[in-house]
Amino acid sequence: MSRIVYLGFPTGEIAGGQKMALRHVEALRDLGFEAVFWRLGDNIMPTWIAHRAPVEVGTKFRPDDVLVVPGDAPNALAHVAKLTAQPAVIFCQSWISLGAVGLAPMAAWPQDRPLTVLTVGRSLLDTVTRAFPRAQVELTPCFADERLFAPGGEAAMRIVAVPRKRPLERAAIGAFFRHLHPRHADLAWQDVDKAPEAELAAAFAGAALHLALPRFESVGLTTLEAMASGCVCAGFTGIGGREYATADNGFWVGEDDCEAAADALAQAADLVRTGGPGLARMREAGFETARQWSYARFVTALEEVWMRLAPQARRRAAALD
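For clarity, every value in this text was computed on a predicted model and none was experimentally measured.

A. Representation of the nonpolar core within the structure. Counting 79 residues, the largest nonpolar core has Ile4, Tyr6 and Trp306 as its most contacted members. In terms of nonpolar packing, the next biggest core, distinct from the first, is built from 26 residues, Ile159, Ala208, Leu211 and Ala266 among them.

In structure tokens form, the structure reads like this:
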């Protein structure tokens with residue numbers, strides 16, 4: 001029986017790539033595919049997200065398993081490349097990891113073996129295609145999960161930030177914001193760092209503002225989750241966020257410009273406090289942006305891709321809610 005086996009090497013820390021791999025397995029099983037998540041015995045499964053993916057620990061691969069190897073796991077890529085008879089797909093979720101650790105083992109992929117790569121955003125797809133013109137590069141977009149991230153009624157006048165990747169910038173922006181814009185000195189801040197996904201969703205649902213602090217993301221999923229929750233966003237876009245950040249859906253500034261980010265956040269706060277049609281338009285633009293990166297669209301793309309790559313792994317009819 002052919003299966004789709006997503007390899008993972010989790011450490012227990014928060015990592016968006018692990019979340020997407022587990023969500024792939026869940027969705028594939030709902031679509032009727034045989035899919036599992038595989039890890040080594042000393043790996044630590046994440047506890048910060050709830051998931052329904054079946055997990056195998058160190059089991060032997062079956063000859064007709066299609067292995068999905070993380071693009072940021074060079075040792076696994078090199079090992080799977082030697083399994084010449086084993087079907088394999090590379091799951092590339094980060095352009096920075098591609099450049100830092102993925103390019104070399106992918107470039108060493110056997111010339112007589114198909115090089116198939118899944119990507120999570122259009123800009124990353126373009127990068128992988130440029131680097132490997134002979135590869136079959138597919139798009140299975142990441143998503144702001146509307147089943148979890150949604151408005152929660154009247155939002156408090158509060159700023160939510162996720163400073164895990166930019167703690168220094170968060171501190172600088174906060175200081176600039178308070179010093180240069182004293183009219184907003186009474187605004188509360190909520191830093192959500194290394195918290196369960198459900199806690200982040202609750203924070204976004206209960207707040208009016210989000211300080212966007214992406215760094216090295218290929219898409220910038222946290223910003224999309226904030227938009228889906230109704231937050232007015234301000235700050236950085238990262239590289240991937242350039243795919244969707246516009247003057248209509250947020251207040252965006254150049255990378256690392258903390259003073260400008262503080263000014264943008266003050267503009268966002270002014271808009272929220274003013275209310276009216278301007279606020280309604282920006283929130284609706286955020287909702288519409290998030291809908292372009294929804295779970296529903298992800299499932300459609302995932303089904304189409306895997307029906308091209310491994311239709312033999314589909315054993316039953318879809319059982320989607």
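B. How the structure looks around the pairing of strand β6 (residues 116-119). Of the two faces of β6, the one carrying Thr116 and Leu118 and the one carrying Val117 and Thr119 are both buried. Where strand β5 (residues 88-91) lies against β6, two bridges are found, and the strand directions are parallel. Paired with Phe91 across the two strands is Leu118, which belongs to β6. Sheet topology places β6 next to strand β7 (residues 136-139); four bridges connect them, and they run parallel.

C. Representation of the pattern of salt bridges in the model. The final tally for this structure, using the stated rule, is 20 salt bridges. Arg166 is the salt-bridge partner of Glu255, the closest N and O atoms lying 2.8 Å from each other. In this pair, Glu255 sits in the loop between β12 (251-252) and α8 (258-274) while Arg166 sits in the loop between β8 (156-161) and α5 (167-180), placing the two residues 89 residues apart along the sequence. A relative accessible area of 34% means that Glu255 is categorised as partly exposed. Arg273 is paired through a salt bridge with Asp186; the nearest N and O atoms lie 2.9 Å apart.

D. Focus on the sheet that holds β7. With parallel pairing, the seven strands of this open sheet are ordered in space as β3-β2-β1-β4-β5-β6-β7. Only two strands of the sheet have a single neighbouring strand rather than two, namely β3 (55-57) and β7. Averaged over all pairs of adjacent strands, the angle between strand axes in this sheet comes to 30°, irrespective of strand direction. Along the sheet, helix α2 (residues 74-82) contacts β1 (4-7), β4 (66-70) and β5; its crossing angle with β4, the most-contacted strand, is approximately 150°. Lying on the sheet, helix α4 (residues 122-131) is in contact with β6 and β7; it crosses β7 at an angle near 175°.

Definitions and limits used
Residues numbered from 1 in each chain as written. Predicted model: local features only at pLDDT ≥ 70, side-chain atom pairs only at ≥ 80, totals over all residues. Heavy atoms only, no water. Core = buried A, V, L, I, M, F, W, Y, C linked by side-chain atoms within 4.5 Å. Buried < 20%, exposed > 50% of the residue type's maximum accessible area, 1.4 Å probe, protein only. Helix = DSSP H or I, 4+ residues; strand = E, 2+ residues; numbered from the N terminus. Pairing = 2+ DSSP bridges. Salt bridge = Lys/Arg side-chain N within 4 Å of Asp/Glu carboxyl O. Axes fitted to C-alpha atoms, helices over the stretch in contact; angles between N-to-C directions. Contact = heavy atoms within 4.5 Å.

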